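Reading the structure
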Number of protein chains: 2
Amino acid sequence: MAVKLNLDKLDLQIIQHMMENAEVSYADLGKKLYVSGGTIHVRIKKLEEAGIVKGTRLNADLKMLGYDVIAFIGIYLKESSLYDSVARELQKIPEIVRLNYTTGNYSMFAEIVCKDISQLRYVLHDQLQKIKGIERTETFISLEESFVRNVKVVGS
Amino acid sequence: MAVKLNLDKLDLQIIQHMMENAEVSYADLGKKLYVSGGTIHVRIKKLEEAGIVKGTRLNADLKMLGYDVIAFIGIYLKESSLYDSVARELQKIPEIVRLNYTTGNYSMFAEIVCKDISQLRYVLHDQLQKIKGIERTETFISLEESFVRNVKVVGS
DNA sequence: ATTGAAAGAGTCTCAGT
DNA sequence: ACTGAGACTCTTTCAAT
């Protein structure tokens, strides 16, 4: 899974910069990293071919789109063997944007994004309760997101 | 915060598509949505000016970069008034990539990305314990990420 | 592997509808 | 508000180092 490729500092610097902002031109990024734009291009192509880099994504402000409520849900299963079937059911609920199988208290851990509290209540109460295999859930509503950022893959 | 702007279905469709893949050309996206490339351009410019769209980000595979361990940390504070000072300390730890102030059991909820378990143990044991104001923590290590996706902002 | 230049593709502007 | 065409910029290829 974690294929160790020959990545040098330049590769990591490119990734670090472009994880933050992918709209920079190769020429400009090259200037910042003291190589030519052509070298940036070659490196990115190599990273794409290796499967390390998988395109770019638009960064949209969900709050401004009306999605004000983020919550985390700890899920207790009746039996841990039900993980796959519960995961499939949860994937059908579009408000659930992430699901992890975890150690610790909960069997699984979900993140949900909703327009408002009443939509959250609907998903929690009407949709999750209907899924066979879920024993109970605990919900943690985010009152404030202090920060979100990328992991630091290279020293500055 | 959640400024309700006049966004029509086309705006949302553009956002939906480009949150998934921002590398599509305006001409191609226009073809898919039955408008010209020029219209896509105008809409994106409008969304950027409104602050709804904030550029694009490179999508890099953290596992392939050697960051194999994702974990969630529920944090109990001694007093909730310590939130800001603890948040500032947590922000100094580069492995902590997200922090939310939450309702429920925990005062705050963090996400951490590490290269391996020993690095995770180091952060949890040596760094978090030193922060004044943290009473105790509960860690949930992700054994598998079932899915991560964007919220659905428009009906297909 | 890196570079710089030429060819190709995409973005951006603008006049017309 | 949408369109299409021209000007401009960026990506991509490639021969040379």
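Residues numbered from 1 in each chain as written. Chains lettered and ligands numbered in written order. Predicted model: local features only at pLDDT ≥ 70, side-chain atom pairs only at ≥ 80, totals over all residues. Heavy atoms only, no water.

- The name an unreviewed UniProt entry gives chain A is Lrp/AsnC ligand binding domain-containing protein, with Terrimonas rubra as the organism.

Comments concerning the sheet that holds strand β4 (residues 108-114) of chain A
- The antiparallel closed barrel is built from 8 strands, whose spatial order is β2(A)-β4(A)-β3(A)-β5(B)-β2(B)-β4(B)-β3(B)-β5(A). Adjacent strand axes in the sheet meet at a mean angle of 35°, parallel and antiparallel pairs treated alike.
- As defined by bridge partners, strand β2 (residues 69-77) of chain A adjoins β4(A) across 7 bridges and the pair is classed as antiparallel. Note on β4(A): the bridge partner recorded for I73(A) is A110(A). (Pairing = 2+ DSSP bridges. Helix = DSSP H or I, 4+ residues; strand = E, 2+ residues; numbered from the N terminus. Axes fitted to C-alpha atoms, helices over the stretch in contact; angles between N-to-C directions.)

Quick word on the protein's contact with DNA strand C
- What surrounds DNA strand C is the set V35(A), S36(A), G38(A), T39(A), R43(A), S25(B), Y26(B), H41(B) and K45(B).
- Sugar plus phosphate, as a fraction of atoms of DNA strand C within 4 Å of the protein: 87%.
- One of the side-chain N or O atoms of R43(A) is found 2.7 Å from a phosphate oxygen in DNA strand C.
- Looking at the surface near DNA strand C, the elements with two or more residues in it are α3 (37-49) of chain A together with α3 (37-49) of chain B.
- Of all the elements, α3(A) adds the most residues to the surface near DNA strand C, at 3 residues.
- Here the surface near DNA strand C is composed, by residue class, of 2 nonpolar, 5 polar and 2 charged. (Near = heavy atom within 4 Å. Polar contact = N/O pair within 3.5 Å; in protein donor to acceptor, adjacent residues only side chain to side chain. Nonpolar A, V, L, I, M, F, W, Y, C, P; charged D, E, K, R; others polar.)

Quick look at the interface of chain A and chain B
- The partner chain B presents 72 residues to the 72 residues of chain A that form the contact.
- Taken over both partners, the interface formed by chain A and chain B buries close to 6900 Å², and the fraction arising from carbon and sulfur atoms is 55%.
- In terms of surface lost to chain B, no three residues of chain A exceed R57(A), L58(A) and M64(A), which account for 12% of the buried area on that side.
- Here chain A is connected to chain B by 8 salt bridges.
- K54(B) is paired through a salt bridge with D61(A); the nearest N and O atoms lie 2.9 Å apart.
- Counting every contact that joins chain A to chain B gives 47 residue pairs in polar contact (both at pLDDT 80 or more).
- Of all the elements in the fold, those that place two or more residues in the side of chain A that touches chain B are α1 (9-20), β1 (53-60), β2, α4 (83-91), β3 (96-102), β4 and β5 (134-148) of chain A.
- Split into classes, the residues belonging to the side of chain A that touches chain B amount to 40 nonpolar, 16 polar and 16 charged.
- The sheet contact formed by β3(A) and strand β5 (residues 134-148) of chain B spans 5 bridges and is antiparallel. Looking at β5(B), one finds that R98(A) is bridged to V148(B). (Contact = heavy atoms within 4.5 Å. Buried area = accessible area lost by both parts, 1.4 Å probe. Salt bridge = Lys/Arg side-chain N within 4 Å of Asp/Glu carboxyl O.)

What to know about empty space enclosed by the protein
- For the structure shown, the criterion picks out 1 cavity of 30 Å³ or more.
- Lining the largest cavity are F72(A), R98(A), N100(A), F109(A), A110(A), E111(A), F72(B), R98(B), N100(B), F109(B), A110(B) and E111(B).
- Mapped by element, the contributors of at least two residues to the lining of the largest cavity are β3 and β4 of chain A together with β3 (96-102) and β4 (108-114) of chain B.
- Across the lining of the largest cavity, the residue classes break down as 6 nonpolar, 2 polar and 4 charged. (1 Å grid on protein atoms, 1.4 Å probe; cavity = no way out; pocket = protein on both sides within 12 Å on 5 of 7 lines; lining within 4 Å. Points joined across faces, edges and corners; volume = space filled by probe spheres on them.)

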